[in-house]
Amino acid sequence: MTVPYRAPADEAEALRVQEELRSRVDLVGPGPAAPATVAGLDVAYATSGDRLAAAVTVLDATSLAVVDEAVSVGRPAFPYVPGLFAFREMPALLAALDRLTVRPELLVCDGHGVAHPRRFGLACHLGLVTGLPAIGVGKTPLVGTWTGPGPRRGEWSPLRDRGEVVGRVLRTRDGTRPVFVSVGHRIGLDDAVERVLALTPRYRLPETTRTAGRLCRRALAAGGDRG
DNA sequence: GCGACAG
DNA sequence: ATCTTGTCGC
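What counts, and at which threshold
Residues numbered from 1 in each chain as written. Chains lettered and ligands numbered in written order. Predicted model: local features only at pLDDT ≥ 70, side-chain atom pairs only at ≥ 80, totals over all residues. Heavy atoms only, no water. Helix = DSSP H or I, 4+ residues; strand = E, 2+ residues; numbered from the N terminus. Expected span 1.5 Å × (residues − 1). Buried < 20%, exposed > 50% of the residue type's maximum accessible area, 1.4 Å probe, protein only. Contact = heavy atoms within 4.5 Å. Near = heavy atom within 4 Å. Polar contact = N/O pair within 3.5 Å; in protein donor to acceptor, adjacent residues only side chain to side chain. Nonpolar A, V, L, I, M, F, W, Y, C, P; charged D, E, K, R; others polar. UniProt positions renumbered as here; feature names shortened; annotations may be inferred. Pairing = 2+ DSSP bridges.

Along its 13 residues, helix 2 (residues 86–98) runs 17 Å from first to last C-alpha, staying within 8% of the 18 Å computed at 1.5 Å per residue. With respect to burial, helix 2 is a largely interior element, 10 of its 13 residues being buried. Taken as a whole, helix 2 has its buried residues at Ala86, Phe87, Arg88, Glu89, Met90, Ala92, Leu93, Leu94, Ala96 and Leu97. As for helix 2, its buried residues are in contact with helix 1 (11–21), strand 1 (37–45), strand 2 (52–60), strand 3 (66–74) and helix 3 (122–130).

Below is the structure:
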């Protein structure tokens, strides 16, 4: 199901939006059995903090080659508040998604999905608004506790918060810090982890995140730190 | 009451 | 997120 994006005027309204939408998240899927394309989304900020660039790259799921990409430059749409982070970047990310020529089959977001205090992180919000399956891959935890996964790539341990498993702490590379994988929308946790491993043949972060990261940094630099 | 707190 | 120097490793 697709949902229109509404920009909240303040924190109270942002919380209401999350409460209203959280029940619509699909934690099961099934996600795309064998997606042909996977998109990565990332945002870079100017030093001044008053300007940002959002990028989306679409990769061939097998070769990991970039087949499409789009960028949008703008202003943070909301102050940074842990737990309300999505409202900050969502408008720019949606603008970039609108500029794509190829509609990706899966979204890999730089931030959490249901591993969130109200089970509605950026990956859930993006998945719901676009109607696309979405996965959250965070570099640091927001909620939850875990016991370190083994040191080898592919090893993982459950991320638990208030009595429920909200994601997995996954080692994507031998001996490197793990990432935090959680369901965004329309995919199960097992499949989400499988997709993330398929996107990390070499580095800690998914290729989708890396290509999108390079693109938004480049766009920010090209804008001469202004526009 | 005191920290912690996605990017 | 971004600011930063060097440093260890492939």
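Looking at the element boundaries, proline 158 is found in strand 6 (residues 156–161). The class of proline 158 is partly exposed, set by a relative accessible area of 24%. As for proline 158 and isoleucine 135, which are separated by 23 residues in sequence, their C-alpha atoms are 16 Å apart. Beyond its immediate stretch of four places on either side in the chain, proline 158 contacts Thr145, Trp146, Val165 and Gly167.

This paragraph deals with the protein's contact with DNA strand C. DNA strand C sits among Ala44, Tyr45, Thr47, Lys139 and Arg217. Per the 4 Å cut-off to the protein, sugar and phosphate atoms form 100% of the nearby atoms of DNA strand C. Residue tyrosine 45 places a main-chain N or O atom 3.5 Å away from a phosphate oxygen belonging to DNA strand C. Here a phosphate oxygen of DNA strand C and a side-chain polar atom of arginine 217 are 3.5 Å apart. The residue makeup of the surface near DNA strand C, split by class, is 2 nonpolar, 1 polar and 2 charged.

Turning next to the UniProt feature "site: Interaction with target DNA" (unreviewed entry) in chain A. Mapped onto this numbering, the UniProt entry annotates "site: Interaction with target DNA" (unreviewed entry) at Tyr80. One can find tyrosine 80 in the loop between strand 3 and helix 2. Residue classification places tyrosine 80 among the exposed residues on the basis of a relative accessible area of 52%. With residues near it in sequence (within four places) discarded, tyrosine 80 still touches Phe85 and Arg88.

Most of strand 5 (residues 134–138) sits inside the fold, with 5 of its 5 residues counted as buried. Side chains Ala134, Gly136 and Gly138 of strand 5 all project onto a buried face; the interleaved residues Ile135 and Val137 project onto the opposite face, where all are buried too. Here strand 4 (residues 107–110) runs beside strand 5; their pairing, made up of 4 bridges, is parallel. Pairing of cysteine 109 across the sheet is with glycine 136, part of strand 5. Two strands pair when backbone bridges link them, and strand 5 and strand 8 (residues 179–185) are joined in this way by 5 bridges, in the antiparallel orientation.

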